[in-house]
Amino acid sequence: MADKNIHLQSYDEDASVHRDTSEELTFFHNVYTGNIEAIHKNCDEHRFMDSSGVGLLSTKPLTNIKYHMVVTAAIITRGCIEHGLEPERAFRMSDYYIRRLDNATTVEKVEEIHNSMVLDFTGKMRLIKHKRGISRPVTKCLDYIYAHIYDRLTLKELADHSNVSASYLSRQFNKEIGIPLSDYIRERKIEISEELLRDTDESILDIACRLSFASQSHFIQAFKNVMGITPKKYRSQNSVKKWS
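Here goes a summary of the coordinates provided. (Residues numbered from 1 in each chain as written. Predicted model: local features only at pLDDT ≥ 70, side-chain atom pairs only at ≥ 80, totals over all residues. Heavy atoms only, no water.)

## Describing the overall build of the chain
Part 1 of the argument: Scanning the chain from N- to C-terminus turns up 13 helices and 0 strands.
Part 2 of the argument: For the chain, the sequential pattern of α-helices and β-strands runs α-α-α-α-α-α-α-α-α-α-α-α-α.
Part 3 of the argument: Every one of the 244 residues in the chain was classed for burial, and the buried ones make up 39%.
Part 4 of the argument: Considering only intrachain contacts with a sequence separation of at least 6, the fraction spanning at least 24 residues in the chain is 65%.
Part 5 of the argument: On the chain, roughly 14200 Å² of surface is accessible, and the fraction owed to carbon and sulfur atoms is 53%. (Helix = DSSP H or I, 4+ residues; strand = E, 2+ residues; numbered from the N terminus. Buried < 20%, exposed > 50% of the residue type's maximum accessible area, 1.4 Å probe, protein only. Contact = heavy atoms within 4.5 Å. Areas by Shrake-Rupley, 256 points an atom, 1.4 Å probe, with all protein chains shown as cover.)

See below:
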């Protein structure tokens, strides 16, 4: 009985007043609804780094913030699944960002990983929300792109699948999604290539071939146009494992 009292007392000594849950609930709501502007503002204000009222999970600052990010990842993953994100995709995203914590040696690096994670999830949810309000042909087109992202996709092929003319699909896609169809396909392929560059030791040529780019140079140029850097530089900066 004495030991139990000691343990209870230690909980009381470590206890602190936690911040109102409304801010936390608003944050998660913004992720689930794809409110990318609000999440960008949250990141810019370094709210994740504000430790006041969030609880002490470890007396070591780096370990403490890592624990908090794992908790955030778990909540976001399950919440996004409940709001329509494919479970396997959500869990793969969560696993990837948590693995990146292994190499984080500063709280600033953990914040960087956290911000990348929440913006990534929010971006995926934004697309899902947007998709619910678009026409059937464009929806069928998006589904086909997602299922055949590794193939060489043509406008005619997508139009045939969507049961509309190529000119109609091109016009409607740009109107409803906000970017040309070819740009959307390119960005999705680059998104996949980011995962391959980070998580595998596949050569840049192999990645270009796998994603059906016309050539390695075409892939490098497309990647640089979207990301601002070459695939080689991106891999050196972001690879989870330093491949030999």
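## A look at the packing of helix α8 (residues 155–162) against helix α9 (residues 166–177)
When two helices pack together, their arrangement is captured by the angle between the axes and the distance separating the axes.
Part 1 of the argument: Where α8 contacts α9, the two axes come as close as 9 Å, and the packing angle between them is 90 degrees. With respect to α9, the element α8 is oriented roughly perpendicular. Mapping the contact onto sequence places Leu155, Leu158, Ala159 and Ser162 in α8 and Ala166, Leu169 and Ser170 in α9. (Axes fitted to C-alpha atoms, helices over the stretch in contact; angles between N-to-C directions. Parallel < 35°, antiparallel > 145°, perpendicular 65-115°, else oblique.)

## With respect to α8
Part 1 of the argument: Considered for burial, the residues of α8 that qualify are Leu158, Ala159 and Ser162. Relative to the axis of α8, the buried residues are bounded by an arc of 100 degrees and lie together on one face.
Part 2 of the argument: Where the residues of α8 are buried, they touch α7 (136–147), α9 and α10 (181–199).
Part 3 of the argument: Asn163 sits one or two residues past α8 and shows a positive phi near 65 degrees. (Arc of directions from axis to C-beta.)

## Digging into the packing of aromatic side chains
Part 1 of the argument: For the structure on display, the rule yields 7 aromatic pairs.
Part 2 of the argument: On the basis of an interplanar angle of 65 degrees and a centroid distance of 4.8 Å, the ring pair of Tyr96 and Tyr97 is categorised as edge-to-face. Pair check on accessibility: Tyr96 and Tyr97 agree, each one buried.
Part 3 of the argument: Here a set of aromatic residues connected by ring pairs shows up, and it is made of Phe213, Phe219, Phe223 and Tyr234.
Part 4 of the argument: When the ring centre of Tyr184 is taken as origin, the NZ or CZ atom of Arg188, which lies over that ring, is 4.7 Å away. (Phe/Tyr/Trp six-rings, centres within 6.5 Å; stacked < 30°, edge-to-face > 60°. Lys NZ or Arg CZ within 6 Å of the ring centre and 35° of its normal.)

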